[in-house]
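One-letter residues, chain by chain:
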Amino acid sequence: MQIDRYRVRHGDPSALKRVRPDHTGPYDDKKAARKHLEKGCAKLDALQERLYAHGEHALLLIFQGMDASGKDSAIEHVMSGVNPQGTDVHAFKQPSGEELAHDFLWRNAKALPARGRIGIFNRSHYEEVIVVRVHPEWLGAQRLPGDRVTPNIWKERLQDINAFERHLWRGGTTIRKFFLHVSRDEQRRRMLERLDDPAKNWKFSEGDLAERRKWRAYMAAYEDALTATSTRYAPWYVIPADHKWFAHALISDIVVDALEGLDLSFPALTPADRRRLARARRALVRDR
């Protein structure tokens, strides 16, 4: 797939308008997309092993989107082929008292993947420039000094995020960020499904309806965040999310592309390593 067409260009104010939520790329139905996803999962499995063995890079995948945009489903399907022992998944909910007592990046920094591992953030530090921006009254719980809550606070936080992600990249962490772009109509359909299907009732919250009424405010906040923080070292991708099967196939391609770009290899053996392995093999052959 041509993944660059979904990449957000820094400063592009039309990032969300350029990609239709119901876009399905080269696929007419889910069958072909799922076959493509299977191939992507196999590649991802092999690349993850190299990532771990290589030991110099980490991969951080960030998933953002409106309620019912399919974040959980995307993580489940795209990462189904990887070894869970090398993967860390963190879902960031409402911050705790301890987290509110620290700077807004603190709880995310604690959850970053080590080199050789894949980290997945289901929501992230971007909640602080999206949800809190839509609900500025929530800033009070952070107990910031009054002179730090300026009219430019959202711009300043976006600058902080860029600096934070650049710091991570310089330390060996490759970052890919996904905005699951679901339409308002499709969100409504999925919410109704949660109400009508007893097996999905637990997913519904009355608060989801209140947030849905702020759709325009959320889209404006997302557009500002994506265009300000899509950089060479931490790009955003707008993922058409009305059809989950296409979203999964596209995300898989982007993740595989990111890992292939690292040119990962298994550690080269020195002559001493080869002699050590030869001795171990002889010992095992004799041990019958």
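This text goes with the structure placed above it.
### Brief notes about empty space enclosed by the protein
Enumeration according to the criterion identifies one cavity of 30 Å³ or more in this entry. Size it by volume and the largest cavity reaches roughly 60 Å³.

### Observations regarding the packing of aromatic side chains
In total, this model carries eight aromatic pairs according to the counting rule given. For the ring pair Phe 63 and Phe 178, a centre distance of 5.1 Å and an interplane angle of 35° mean the geometry is tilted. Here the residue Phe 63 occupies a position in strand β1 (residues 58–65), and Phe 178 occupies one in strand β4 (residues 173–181), the gap between them amounting to 115 residues. Taking relative accessible area as the criterion, Phe 63 reaches 0% and is therefore assigned buried.

### Re the nonpolar core
Ranked by size, the top nonpolar core spans 69 residues in total, and within it Leu 61, Phe 63, Met 79, Phe 178, Ile 251 and Leu 259 carry the most contacts. Take this core: its biggest share by element is 10 residues, from helix α10 (residues 244–260). For Leu 259, the contacting residues outside a window of four places in its chain are Leu 44, Leu 47, Leu 51, Leu 59 and Leu 264.

### Regarding the pairing of strand β5 (residues 236–240)
Where burial is concerned, most of β5 is hidden: five out of the five residues are buried. Neither face of β5 is open: one carries Trp 236, Val 238 and Pro 240, the other Tyr 237 and Ile 239, and all of them are buried. Sheet topology note: the β4/β5 ladder contains five bridges and is parallel. Pairing of Phe 178 across the sheet is with Tyr 237, part of β5.

### Focus: the sheet that holds β4
Ordered by their spatial adjacency, five strands build an open sheet running β2-β3-β1-β4-β5, and the pairing between neighbours is parallel. The two strands at the open ends of the sheet, each matched to only one other strand, are β2 (87–91) and β5. Taken over all neighbouring pairs, the strand axes of this sheet differ in orientation by 20° on average, direction set aside. Note: β1 against strand β3 (residues 118–122), five bridges, orientation parallel. Bridge pairing links Phe 63 to Asn 122 in β3.

### Some thoughts on the layout of surface pockets
One number sums up the size of the second largest pocket: a volume of about 150 Å³. Lining the second largest pocket, in full, are Leu 100, His 102, Asp 103, Phe 104, Gln 142, Leu 144, Arg 148, Ile 153, Glu 156, Arg 157 and Asp 160. Ranked by residue count, the leading element in the lining of the second largest pocket is helix α6 (residues 153–170), at four residues.

### Some points on the pairing of β4
With nine of nine residues buried, β4 lies mostly within the body of the structure. Pairing between β1 and β4: eight bridges, direction parallel. If you follow Ile 62 over to β4, its bridge partner there is Lys 177.

### Quick look at helix α7 (residues 184–196)
Here α7 spans 18 Å end to end across 13 residues, near enough to the 18 Å set by a 1.5 Å rise per residue. Along its buried surface, α7 packs onto α8 (206–212), α9 (215–229) and α10.

Calculation rules
Residues numbered from 1 in each chain as written. Predicted model: local features only at pLDDT ≥ 70, side-chain atom pairs only at ≥ 80, totals over all residues. Heavy atoms only, no water. 1 Å grid on protein atoms, 1.4 Å probe; cavity = no way out; pocket = protein on both sides within 12 Å on 5 of 7 lines; lining within 4 Å. Points joined across faces, edges and corners; volume = space filled by probe spheres on them. Phe/Tyr/Trp six-rings, centres within 6.5 Å; stacked < 30°, edge-to-face > 60°. Helix = DSSP H or I, 4+ residues; strand = E, 2+ residues; numbered from the N terminus. Buried < 20%, exposed > 50% of the residue type's maximum accessible area, 1.4 Å probe, protein only. Core = buried A, V, L, I, M, F, W, Y, C linked by side-chain atoms within 4.5 Å. Contact = heavy atoms within 4.5 Å. Pairing = 2+ DSSP bridges. Axes fitted to C-alpha atoms, helices over the stretch in contact; angles between N-to-C directions. Expected span 1.5 Å × (residues − 1).

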